[in-house]
Amino acid sequence: AQSVAQPEDQVNVAEGNPLTVKCTYSVSGNPYLFWYVQYPNRGLQFLLKYITGDNLVKGSYGFEAEFNKSQTSFHLKKPSALVSDSALYFCAVRRADTGGFKTIFGAGTRLFVKA
Amino acid sequence: DAMVIQNPRYQVTQFGKPVTLSCSQTLNHNVMYWYQQKSSQAPKLLFHYYDKDFNNEADTPDNFQSRRPNTSFCFLDIRSPGLGDAAMYLCATSRVEGTQNFGPGTRLLVL
């Protein structure tokens, strides 16, 4: 069975400081991993994904994430946070090899960036 | 711009009165999904289509049905809405690889 854990309900960071939003996953076989962001009363927006290749993936708005197979983690990072990064962040996983499309989302982490 | 469109953005219905939410896409993606999201929780997959192939999640209530008449459109029918069905309903599309493009959502209120 697939599962995603986002251990922090909320992350607080000061503007200009680096931020990390944690994600660990469990999946049989190889994973496809995704990060999405959601602003109030909006749909989710794709940030970045890991499919294969380089473990460090770069995405939209200066975000990046590192795939760590041994730790089954895919933490989202940004070197310098902006107040406008404040939003709800979801990590998601899908099995790469079954041809199915079911994607499991984590419970979400709310990021607050203080000016 | 290519996009996923959901109408209406807000829907109010009465307890037990059938309601239909619509989703359209200009991305020409094979896969379309319907999710239910409550109170900033994780989106919960209700069902998805791969072309015309319908896939229902095991825990999706029978009250929820879906139709996909063509590649561009997908509908969510709630036959007898209950108070517990009040939520944000998100439509998404993807190619086979799976990066999903989400619509803005329809917020359903059941009175």
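Residues numbered from 1 in each chain as written. Chains lettered and ligands numbered in written order. Predicted model: local features only at pLDDT ≥ 70, side-chain atom pairs only at ≥ 80, totals over all residues. Heavy atoms only, no water.

Here we look at the pattern of salt bridges
In a structure, side chains of opposite charge can pair up when their charged atoms sit close to one another. Counted according to the given criterion, the structure contains five salt bridges over all chains. For Lys78 of chain A, the salt bridge identified is with Asp85 of chain A, shortest N-O distance 2.8 Å. Taken as a pair, Lys78 of chain A and Asp85 of chain A share a single burial class, namely buried. With a closest N to O distance of 3.4 Å, Asp59 of chain B and Lys44 of chain B form a salt bridge. Of the two residues, Asp59 of chain B is situated in the loop between β6 (53-56) and β7 (64-67) and Lys44 of chain B in strand β5 (residues 44-50); the sequence distance between them amounts to 15 residues. (Salt bridge = Lys/Arg side-chain N within 4 Å of Asp/Glu carboxyl O. Buried < 20%, exposed > 50% of the residue type's maximum accessible area, 1.4 Å probe, protein only. Helix = DSSP H or I, 4+ residues; strand = E, 2+ residues; numbered from the N terminus.)

Describing the side chain of Asp77 of chain B
All names here are of chain B. With respect to the helices, strands and loops of the structure, Asp77 is situated in strand β8 (residues 73-78). Engagement of the side chain of Asp77 in a polar contact is seen with the side chain of Thr20, the distance being 2.6 Å. In contact with Asp77, not counting residues within four places along its chain, are Val19, Thr20, Asn63, Phe64, Gln65 and Arg67. (Polar contact = N/O pair within 3.5 Å; in protein donor to acceptor, adjacent residues only side chain to side chain. Contact = heavy atoms within 4.5 Å.)

Some points on unusual backbone geometry
Geometrically, the link from Asn7 of chain B to Pro8 of chain B is a cis peptide bond, its omega value of -10 degrees lying close to zero. You can see Pro8 of chain B is positioned in the loop between β1 (4-7) and β2 (10-13). Of note, the phi angle at Thr72 of chain A is positive, near 45 degrees, even though the residue is not glycine. Checked against the element boundaries, Thr72 of chain A lands in the loop between β8 (64-68) and β9 (73-78). Of note in this structure, Asp51 of chain B is not a glycine but carries a positive phi near 55 degrees. With respect to the secondary-structure elements, Asp51 of chain B resides in the loop between β5 and β6.

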